[in-house]
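Chain residues, written in single-letter form:
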Amino acid sequence: MTAPELPIWPPSEPGYRRSESTALLGSGDDVWMRVRADVLRWRVKTASGFLVAGRVDPGRVSPGERLIVTARVLGVTVREPVEVVSVVEDADRVGFAYRTLPGHPVAGEEAFIVERDGDEVRIVVRSLTRAAPQQPWRALYPLLLVAQRVARRRYLRALLPQR
């Protein structure tokens, strides 16, 4: 659905809120080598304040892997079951996508991609979201969209060099 292997995201399934955000991470081979490794180790999520549990190989994202991503928001722990559906590792494009599983606060898919265009290195975050079918998440969907925007801003900064 989020097509991390494609530089241009084709039209999506109807019924989802669609978002694509991009940020410059830097330039040069050193930046490229660092972020390509980081994105495949869930650093976009972990550097954004999430915990990722249940990894088969703690060093890499693996297709078919089912995990629990955990967030703490205002003292409340939110568990987000996900499944990795796609991993891409091309010469100038690396990343992955996961879909939400039952029990996740929203329904949909999210992708984290780093790409190199010439000397520039960018991160692309794509998401398709709709309300989860279960309560209380369904009723909280408008608030979850706000939280998603905050998380997206964190994702775009997560792979910047540490200061």
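Above this note sits the structure.
Described in the following lines is the structure provided in the data block. A quick note: this is a predicted structure, and the numbers were derived from the prediction, not measured.

## A look at the pattern of salt bridges
According to the stated counting rule, one finds eleven salt bridges in the structure shown. The partner of Arg-60 in a salt bridge is Glu-89, and the shortest N-O contact between them spans 2.5 Å. Note that Arg-60 is positioned in the loop between strand 2 (51–53) and strand 3 (66–73) and Glu-89 in strand 4 (residues 76–89), a separation of 29 residues in sequence. Looking at Glu-89, the relative accessible area reads 42%, which means it is partly exposed. Taking the shortest distance from any N to any O, the salt bridge between Asp-92 and Arg-116 comes out at 3.0 Å. You can see Asp-92 sitting in the loop between strand 4 and strand 5 (93–100) and its partner Arg-116 sitting in strand 6 (residues 106–117), a full 24 residues away along the chain. Under the relative-accessibility criterion, Asp-92 is labelled partly exposed at 37%. For Arg-116, a relative accessible area of 23% corresponds to the partly exposed category.

## Let's talk about the pairing of strand 7 (residues 120–131)
Bridging between strand 1 (residues 17–27) and strand 7 involves ten bridges; their strand directions are antiparallel. Counterpart to Glu-20 in the pairing with strand 7 is Arg-126. In this sheet, strand 7 lies alongside strand 6 in antiparallel orientation, the contact comprising twelve bridges. Across the sheet, the residue bridging to Ala-111 is Arg-126, located in strand 7. The turn joining strand 6 and strand 7, which pair antiparallel and follow one another in sequence, is formed by two residues; a positive phi near 65° is taken by Gly-118.

## Concerning the nonpolar core
Val-35, Val-39, Trp-42, Phe-112, Val-114, Ile-123 and Leu-159 are the most contacted members of the largest nonpolar core, which totals 29 residues. Looking at this core, the elements that each hand over two or more residues are strand 1, helix 1 (29–39), strand 3, strand 4, strand 5, strand 6, strand 7 and helix 3 (137–158). Among the elements that take part in this core, helix 1 stands out by supplying four residues, more than any other. Contacts of Ile-123, omitting those with residues within four sequence positions, involve Ser-21, Thr-22, Ala-23, Leu-25, Val-44, Ile-113, Val-114, Tyr-155, Leu-156 and Leu-159.

Scoring rules and cut-offs
- Residues numbered from 1 in each chain as written.
- Predicted model: local features only at pLDDT ≥ 70, side-chain atom pairs only at ≥ 80, totals over all residues.
- Heavy atoms only, no water.
- Salt bridge = Lys/Arg side-chain N within 4 Å of Asp/Glu carboxyl O.
- Helix = DSSP H or I, 4+ residues; strand = E, 2+ residues; numbered from the N terminus.
- Buried < 20%, exposed > 50% of the residue type's maximum accessible area, 1.4 Å probe, protein only.
- Pairing = 2+ DSSP bridges.
- Core = buried A, V, L, I, M, F, W, Y, C linked by side-chain atoms within 4.5 Å.
- Contact = heavy atoms within 4.5 Å.

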